[in-house]
Amino acid sequence: MKILVTGGSGFIGSHLVTQLIAQGHDVITLDDLSNGKISLLNQVMDNPKHTFIQGSVLDRSLLNELMDQVDVVFHLAAVLGVKNLVEHPLKVIEGNIDGTRNVLEFAFARKQKVVFSSTSEVYGKNNNLPYNEDSDRVLGSTLKNRWCYATAKALDEHLCFAYAEKGLPITVVRYFNAYGPGATTSDYGMVIPKFIKAALTNSPITVYGDGNQTRCFTYIDDTVQGTIKCMDSNYNGEVFNIGRDEEISINQLANKIKFLCNSNSDIIHIPYDEIYGEKYEDTPKRIPNNEKARSLLGFSPLISIDEGLRKTIAYYQNELGYGSDR
Ligand SMILES: NC(=O)c1ccc[n+]([C@@H]2O[C@H](COP(=O)([O-])OP(=O)(O)OC[C@H]3O[C@@H](n4cnc5c(N)ncnc54)[C@H](O)[C@@H]3O)[C@@H](O)[C@H]2O)c1
């Protein structure tokens, strides 16, 4: 199959591209490198089955030209990360809505299969857990920038379903906190790489809020497995939770990472408003019901949090040269 992966040099995209090529597909990666890194594609950069194009999904003529060459599109290009959505809401809204409109419009013209990457964030602060795919969305005020990403992705999903009703073969996946080798450790990054970097350098591990909030972390191989199963299936116009349903609090996560890194780091707590001002509110829990993905797609998350963290820590130690002094 010939496949386009937008956002393919990002964290999830780079693992997806590498896996698709390992399965024998021909892949074009389109990424503007605003957050992605070519080095994440090192394994496949010289592979004749892979073409890397630096460019944006907002560049309509480039996107149209690339979509002419493929059968399937995985649309992952997006602007995300809590710091971005609090500080750069316009970038988040435009980056997520305009790019998706372009992909869907061009795919519809050709009736190409699309797999769209959405997020567990769309459920917002609904405290009726676990989340089924048809659970309500409960979002805060539009005066809080924090909700702009969830809103943009939800509008993207509405677009996907509207096109599906018109005959576009499209499947939506909602990821629950993917982690693993390659995720950025910068301030714009996710909690696990930031904690690992702090632990490996014996710097303070900074927990936002009281740390009792929980998440369900999903190792990247499981995230990619679920995503590819959507290409191989015919569940068009459907949405699937792609996540592991094992809950862990952020305090437990910090302690586990400190232990696994054999670190001297202190674990410190900072109130959210000291970091993000008044424009942030956290969701206390987020748990997927992954029964639909299990029964229809055969999705089966295999990697426990301990095993996944060990693999991820080994990556940062080896690839980035971080090491514990002990
Ligand atoms: N990481 C997670 O836990 C998680 C959770 C829920 C949803 N998602 C979704 O999964 C997808 C991938 O996320 P990720 O964690 O790999 O993030 P990422 O930032 O590492 O990847 C996104 C990629 O998109 C690229 N990009 C941004 N704007 C672009 C544009 N206009 N044109 C082309 N490329 C552009 C970036 O350079 C980056 O490489 C996103 O759609 C995200 O919303 C991720």
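Basis of the calculations
- Residues numbered from 1 in each chain as written.
- Predicted model: local features only at pLDDT ≥ 70, side-chain atom pairs only at ≥ 80, totals over all residues.
- Heavy atoms only, no water.
- Phe/Tyr/Trp six-rings, centres within 6.5 Å; stacked < 30°, edge-to-face > 60°.
- Helix = DSSP H or I, 4+ residues; strand = E, 2+ residues; numbered from the N terminus.
- 1 Å grid on protein atoms, 1.4 Å probe; cavity = no way out; pocket = protein on both sides within 12 Å on 5 of 7 lines; lining within 4 Å.
- Points joined across faces, edges and corners; volume = space filled by probe spheres on them.
- Axes fitted to C-alpha atoms, helices over the stretch in contact; angles between N-to-C directions.
- Left-handed = near helix turned anticlockwise from the far one by under 90°.
- Contact = heavy atoms within 4.5 Å.
- Nonpolar A, V, L, I, M, F, W, Y, C, P; charged D, E, K, R; others polar.

A. Quick peek at the packing of aromatic side chains. Within this structure, the stated rule accounts for eight aromatic pairs. Both rings, one in Phe108 and one in Tyr163, keep their centres 5.3 Å apart while their planes meet at 55°; by these two values the pair is tilted. One end of the pair, Phe108, is in helix H4 (residues 89-110); the other, Tyr163, is in helix H5 (residues 148-165), with 55 residues separating them in the sequence. Aromatic pair Tyr123 and Phe176: ring centres 6.3 Å apart, planes at 35°, arrangement tilted. Residue Tyr123 is located in the loop between strand S5 (113-119) and H5, and its partner Phe176 is located in the loop between strand S6 (170-175) and strand S7 (178-179); the two are separated by 53 residues in the primary sequence. Three or more aromatic residues joined by ring pairs make a cluster, and in this case those are Tyr123, Tyr131 and Phe176.

B. Inspection of the layout of surface pockets at higher detail. Computed from the structure, the second largest pocket encloses a volume of approximately 480 Å³. Around the second largest pocket sit 17 residues that line it, and His15, Leu40, Gln43, Pro181 and Tyr315 are the ones nearest its centre. Elements that contribute at least two residues to the lining of the second largest pocket include exactly helix H1 (11-22), helix H7 (220-232) and helix H11 (305-320). Ranked by the residues each element gives to the lining of the second largest pocket, the list is headed by H1, at four residues.

C. Quick look at unusual backbone geometry. That bond from Leu129 to Pro130 is cis: its omega, -5°, falls within 30 degrees of zero. With respect to the helices, strands and loops of the structure, Pro130 is situated in the loop between S5 and H5.

D. How the structure looks around the packing of H1 against H7. For the pair H1 and H7, the least separation of the axes is 10 Å and the interaxial angle reads 60°. Taken as a pair, H1 and H7 cross one another with a handedness that is right-handed. Touching Phe11, Ile12, His15, Leu16, Gln19 and Leu20 of H1 are Ile220, Thr223, Val224, Thr227, Ile228 and Met231, all from H7. Here the residues of the contact of H1 with H7 sort into eight nonpolar, four polar and no charged.

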